Amino acid sequence: MAKQKKQQLDVFSIVLFTIFFALLTGGASASSHSHHHKKHHNHHQKHHHEQLQQHNHDHNGGLSKLFVFGDSYVDTGNNQKAGGGSWSFPYGITFPGRPTGRYSDGRVFTDFIASFVGVKSPLPFKLRKYGKPLIPHGMNFAHGGTGVFNTLVPEPNMTTQIDTFTQLLKDGWYTKHDLNHSMALLSVAGNDYGTFLFRNGSDKDLPAFITKVVTQIGVNLVQVHGLGVKKVVVMGLQPLGCLPSKTSPLAYQKCQESQNTAVGFHNLLLQQVVEKLNNETTGSPFHVLDLYTPFMSVLDKQGPKQNSGHKFENPLKPCCLGISDKFSCGSVDNKGEKKYTICENPKSAFFWDGVHPTQQGWKAVYAAMQPSLDKLYY
């Protein structure tokens, strides 16, 4: 069985590498980069984002609102509490000291990107009636576990999230002027692919499914921009083969290359779709945020310390993990006894659980991502 699985992975890797190489050498040249005027901006201040104080960047292009769509990499509390997971201890132990629905020990990517834009982290849609003072900063519609299509969780997919936003606009929560000073952030962290594999999707069908996913991302980007949002940013895929859920069979020592090859195909197609949309749209409003390169630069054990001056002990091993394959971070048995362990210092770990970075992990990725973020304002 294991041998057959390995052969399937090898075939999968070869197939995807062939497609990937063909696209790199041929298809990629078909897309031309739009030339943008470089706006004057000043973004050389030191990164003191631990407190994530509100920054009024000179170069933020007048942005004052952030709208967020997607999954657990950006969800700050929309998922149901009944489901446990991110609402259970020990999630949130670093910040704010209790679970808030964030899939981490503390802050997630939304909190860092909000700091970059210069606003407070936008309010989860679920809390809109209770947190009105935060509504001017935008809103977060993301739900952990979701994708562009329906996944294994009963939460709204990205199209439904955007439909909810559309209804909010019809109800007059935000004006055209508000939207013209806003950025949308879309996260697609791989739940569609996890669902595809869980439902026994075949290796040979995966490239076509990747194409389908990326095409739908393009549809969603156009939909959000069509509502009047000035800048629409989509996150590329992180190296899925380096997630602890994939590296645990390898004793957290190396990444699954076949998975990362598939990620390369997704990211290349996404870049091409976004370039095409920009060529067809005035003002080039669409952007891809590269997650793959910052993740890999942080995970490289031989690499230098990151801009944050921080180095992780074993970056592929999570801080919080179940005591066996039957359990995960936060699991308890019928008696309420915990069935997981936590590392002594979450700051020493890049990953919090099997899929999600720690707050310190996101901080390191954010620091490594600065060149990519600066390009948002060219």
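The present account deals with the structure reproduced in this document. In this text, all values refer to a predicted model and were calculated from it rather than measured experimentally.

Sheet faces and side chains relate simply in a regular strand, where the side chains alternate between the two faces. Most of strand β1 (residues 65-69) is tucked away, with five of its five residues classed as buried. Across the two faces of β1 the burial is the same, with Lys65, Phe67 and Phe69 and Leu66 and Val68 all buried. In this structure, β1 lies alongside strand β4 (residues 182-186), joined through five bridges in parallel fashion. Its bridge partner lying in β4, Val68 is registered against Leu185. As paired elements, β1 and strand β3 (residues 138-140) share three bridges and run parallel to each other. Looking across to β3, one finds that Leu66 is bridged to Gly138.

Applying the stated criterion across every chain, the model contains three disulfides. The disulfide bridge from Cys242 ends at Cys255, spanning 2.1 Å between sulfur atoms. Here the S-S torsion is close to 110 degrees, and the disulfide linking Cys242 with Cys255 is therefore right-handed. Of this pair, Cys242 sits in the loop between β5 (231-235) and α7 (244-247) while Cys255 sits in the loop between α7 and α8 (257-279), and the two are 13 residues apart along the sequence. By relative accessible area, which is 0% here, Cys242 ends up buried.

What follows deals with the pattern of salt bridges. Where charged atoms of side chains with opposite charge meet at close range, the side chains can pair. What the rule picks out here adds up to five salt bridges. The salt bridge partner of Asp333 is Lys339, with a shortest N-O separation of 3.7 Å.

Among the residues of helix α5 (residues 191-198), those classed as buried are Asp192, Tyr193, Thr195 and Phe196. Buried residues in α5, looked at end-on, bunch into an arc of 160 degrees, giving them a common side. For α5, the secondary structure elements touched by its buried residues are α6 (206-226) and α8.

This next bit is on the nonpolar core. Counting residues in hydrophobic clusters, the biggest one holds 82 residues, and the most contacted among them are Phe69, Phe109, Leu185, Tyr193, Leu221, Leu289 and Trp362. Those residues within four positions of Trp362 in sequence are excluded, and the remaining contacts are Tyr73, Arg107, Val108, Phe109, Phe112, Leu291, Phe295 and Pro357. Among the nonpolar cores identified, the runner-up in size contains seven residues, and Tyr91, Cys320, Cys329 and Ala349 belong to it.

Time to look at the sheet that holds β4. A sheet is described by the order of its strands in space; here six strands give the open sequence β2-β3-β1-β4-β5-β6, paired in parallel fashion. Edge positions in the sheet fall to β2 (123-124) and β6 (286-289), since each of these pairs with one other strand and no more. As paired elements, β5 and β6 share four bridges and run parallel to each other. Paired with Met235 across the two strands is Leu289, which belongs to β6. Contacts between α6 and the sheet are confined to β1, β4, β5 and β6, with β5 contributing the most and set at about 155 degrees to the helix. Packed onto the sheet, α8 meets β5 and β6 and runs at close to 160 degrees relative to β6.

Helical geometry: 3.6 residues make up each α-helical turn, so side chains three or four residues apart lie on a common side. Burial analysis of helix α2 (residues 109-117) places nine of its nine residues in the buried class, which makes it a mostly covered element. Looking at the residues trailing α2, positive phi occurs at Gly118, about 100 degrees.

A few words now on the packing of aromatic side chains. Scanning the entire structure with this criterion turns up 17 aromatic pairs. Ring plane angle 45 degrees and centroid distance 6.4 Å describe the contact between Phe149 and Phe209, whose orientation is recorded as tilted. A residue pair is termed long-range when its members are at least 10 positions apart, and Phe149 in the loop between β3 and α3 (158-170) and Phe209 in helix α6 qualify at 60 residues. For Phe149, a relative accessible area of 22% puts it in the partly exposed group.

As for its placement among the helices and strands, Thr358 is situated in the loop between β8 (340-342) and α10 (359-368). Leaving out residues up to four positions away in the same chain, Thr358 has contacts with Ser104, Asp105, Pro346, Ala349, Phe350, Phe351 and Trp352.

Right, let's talk about unusual backbone geometry for a bit. The general pattern is negative phi for most residues beyond glycine and trans for most peptide bonds. Following Phe89, the chain continues to Pro90 via a peptide bond in cis, the omega torsion being 15 degrees. Mapped onto the secondary structure, Pro90 falls in the loop between β1 and α2. One non-glycine residue, Ala251, lies in positive phi territory at about 55 degrees. Tracing the sequence through the fold places Ala251 in the loop between α7 and α8.

Conventions we followed
Residues numbered from 1 in each chain as written. Predicted model: local features only at pLDDT ≥ 70, side-chain atom pairs only at ≥ 80, totals over all residues. Heavy atoms only, no water. Buried < 20%, exposed > 50% of the residue type's maximum accessible area, 1.4 Å probe, protein only. Helix = DSSP H or I, 4+ residues; strand = E, 2+ residues; numbered from the N terminus. Pairing = 2+ DSSP bridges. Disulfide = S-S within 2.5 Å. Salt bridge = Lys/Arg side-chain N within 4 Å of Asp/Glu carboxyl O. Arc of directions from axis to C-beta. Contact = heavy atoms within 4.5 Å. Core = buried A, V, L, I, M, F, W, Y, C linked by side-chain atoms within 4.5 Å. Axes fitted to C-alpha atoms, helices over the stretch in contact; angles between N-to-C directions. Phe/Tyr/Trp six-rings, centres within 6.5 Å; stacked < 30°, edge-to-face > 60°.

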